[in-house]
Amino acid sequence: MTTRAAGADENPRRLLADSRRLTRQVRAAQRATWFPLLVFSAVTFAAIPVYRLGRHTVTCRTVPQGRICTAYTTPGLVYWPIALVLAYVVIAGFYLRRARDRGIGTRVFPYAVAGIALAVVLFGAAFWAAHNPPDPGRFILGVRGATVLLNQLAIAGSAIGLALLVLALVERNGALVTVAVGYVAFALLPARDLGWVLAPVSPWFFLPRLLLGGALLLVAGLLFAAFQRPRRRGAA
Amino acid sequence: MTGHPANGLDDVVHQRVRLGILTVAHEARQVEFGYLRDSLELTAGNLSQHLGVLEKAGLVTIDKGYAGKRARTWVTLTKAGRAALRAEISQLKLLIEQIEGGGA
């Protein structure tokens, strides 16, 4: 060990504080939370014409609690996996280009890989759900009503919400964790609890969920854009 | 030699600018020369000197290339650099604990 002059530059408190400040500065410069939110909002709104023009399948059965109807569109099963994978490619490309322009690396790969994996799982789950309508009385692996939860998880909203959670962890973004948890809760909410329900036989039965979901993502994206813009300018 | 945390500090890393370079490179994975110069508020010459010390110690690698017509220099933390940064931060925390506990 050499003898060193313990100047102000080597004060441990100052060094640690500087290190933490630089870490925060880099994280703020890396964040572009608004972009994935706006992309997912656009993807959600773009699903509306696909659902409307696609073939609807409505299955209704009588159970002791009443009547259960399941409605889904065949193009929806194809649309979401393709749209989500394309969305992740666009998001990853945007983050990489932005990182190159700003001169700092990005941690987008774990997010894009997790997102694409979720989209693939969603495709499998949606396929399964199409053949297994929700039944509160049915047991799966000893869990009563598991089909209801699995059907809810199979919808695209869950994949978007879970991917947002991954992004929140990658960006270490507490505000986005709140948005992602809120969005997953919204996605898992049964249709009857949305406060705006159309009959399953209506050709627009899907509209409340897609419009509300897209609007939630749009508002969150615009809010993040408003809050992150001054920091982006400051970091540039 | 005693077990005092100050004895565990590495002269190469225990310096404001070099610790800053390692911190930014760790968080960003890869960082461009211009970003480092602006965020650490250094002149290009001063930053080059510090990068030279870190590169010689094997803590960073420096890659030069072009983005279009612009020459760009990218700094990446090595495995040894990550370990050195981790060690420095834990030594600093220990040192602060000792100072606050009156053990210095």
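Since the model is a prediction, treat every value here as computed from it, not as a measurement.

**Some remarks on the overall build of chain B**
Stage number 1. On a plain count of helices and strands, chain B comes out with 4 helices and 3 strands.
Stage number 2. Taken from the N to the C terminus, the helices and strands of chain B come in the order α-β-α-α-β-β-α.
Stage number 3. Put simply, chain B has 104 residues, and 34% of those count as buried.
Stage number 4. Nonlocal contacts in chain B, meaning residues at least 24 apart in sequence, comprise 55% of its contacts between residues at least 6 apart.

**Here's the deal with the overall build of chain A**
Stage number 1. Helices and strands together make up the secondary structure of chain A, namely 8 helices and 4 strands.
Stage number 2. Of the regular secondary structure in chain A, the N- to C-terminal order runs α-α-β-β-α-α-β-β-α-α-α-α.
Stage number 3. Sequence separation of 24 or more characterises 66% of the internal contacts of chain A that already satisfy a separation of 6 or more.

**Considering the confidence of the model for chain B**
Residues and elements named next belong to chain B.
Stage number 1. Averaged over every residue, the pLDDT of chain B is 87; residues scoring 70 or more account for 89%.
Stage number 2. Confidence, read as mean pLDDT per element, is least for strand S2 (residues 60-67) in chain B (88) and greatest for helix H3 (residues 44-56) (94).
Stage number 3. Across the interface, the model reports ipTM at 0.85; the global pTM reads 0.74.

**Observations regarding the pairing of S2(B)**
Residues and elements named next belong to chain B.
Stage number 1. Pairing of S2 with strand S3 (residues 70-77) involves 8 bridges; the strand directions are antiparallel. Paired with Gly 65 across the strands is Arg 72, a residue of S3.
Stage number 2. Hairpin connection between S2 and S3: a loop of 2 residues separates the two successive antiparallel strands, and Gly 68 in this loop has a positive phi of roughly 70°.

**A word on the environment of A:Ala185**
Stage number 1. With respect to the helices, strands and loops of the structure, A:Ala185 is situated in helix H7 (residues 174-188).
Stage number 2. Along the backbone, A:Ala185 and A:Leu38 are 147 residues apart, and their C-alpha atoms lie at a distance of 19 Å.

**Brief notes about the sheet that holds S2(B)**
All names here are of chain B.
Stage number 1. Read from one edge to the other, the open sheet built from 3 strands follows the order S1-S3-S2, with strand pairing classed as antiparallel. This sheet does not close on itself; its edge strands, each paired only once, are strand S1 (30-32) and S2. Between one strand axis and the next, the sheet turns by 30° as a mean value, whatever way the strands run.
Stage number 2. In this fold helix H1 (residues 16-28) packs onto S1, S2 and S3, with an angle of close to 90° to the strand it touches most, S3.
Stage number 3. Contacts from H3 reach S2 and S3 within the one sheet, and its direction differs from that of S2 by about 125°.

**Focus: the interface of chain A and chain B**
How large an interface is tends to be reported as the accessible area lost when its parts come together.
Stage number 1. In this complex, chain A contributes 22 residues to the contact, which on the side of chain B involves 23 residues.
Stage number 2. Those elements giving two or more residues to the side of chain A that touches chain B turn out to be helix H1 (12-30) and helix H3 (74-102) of chain A.
Stage number 3. Ranked by residue count, the leading element in the side of chain A that touches chain B is H1(A), at 11 residues.
Stage number 4. Among the residues forming the side of chain A that touches chain B, the class breakdown is 7 nonpolar, 6 polar and 9 charged.

**Brief notes about the nonpolar core**
Stage number 1. Residues A:Leu164, B:Leu22 and B:Ala25 are the most contacted members of the largest nonpolar core, which totals 69 residues.
Stage number 2. Filtering out sequence-adjacent residues up to four positions away, A:Leu164 remains in contact with A:Leu176, A:Val179, A:Ala180 and A:Tyr183.

**Focus on the confidence of the model for chain A**
Residues and elements named next belong to chain A.
Stage number 1. Confidence in the prediction of chain A, expressed as mean pLDDT, is 77, and 69% of residues score 70 or more.
Stage number 2. Scored below 50 in pLDDT, residues 1-6 shows 4 contacts in the model against residues more than four places distant or in partner chains.
Stage number 3. Low pLDDT (under 50) marks residues 232-236, which in the prediction has 4 contacts with non-local residues, meaning those over four places away or in another chain.

**As for H1(A)**
All names here are of chain A.
Stage number 1. The end-to-end C-alpha distance of H1 is 27 Å, a good match for the 27 Å that 19 residues give at a rise of 1.5 Å each.
Stage number 2. Those residues of H1 not exposed but buried are Pro 12, Leu 15, Ser 19, Leu 22, Val 26, Ala 29 and Gln 30. The buried residues of H1 all sit within an arc of 125° when viewed along its axis, so they share a single face. Facing away from the buried side of H1, by more than 90 degrees, are the exposed residues Arg 13, Ala 17, Arg 20 and Arg 24.

About the criteria used
Residues numbered from 1 in each chain as written. Chains lettered and ligands numbered in written order. Predicted model: local features only at pLDDT ≥ 70, side-chain atom pairs only at ≥ 80, totals over all residues. Helix = DSSP H or I, 4+ residues; strand = E, 2+ residues; numbered from the N terminus. Buried ≥ 20, exposed ≤ 12 C-beta atoms within 10 Å, placed from the backbone. Contact = placed C-beta atoms within 7 Å. pLDDT = per-residue confidence, 0-100. Pairing = 2+ DSSP bridges. Axes fitted to C-alpha atoms, helices over the stretch in contact; angles between N-to-C directions. Nonpolar A, V, L, I, M, F, W, Y, C, P; charged D, E, K, R; others polar. Core = buried A, V, L, I, M, F, W, Y, C linked by C-beta atoms within 7 Å. Expected span 1.5 Å × (residues − 1). Arc of directions from axis to C-beta.

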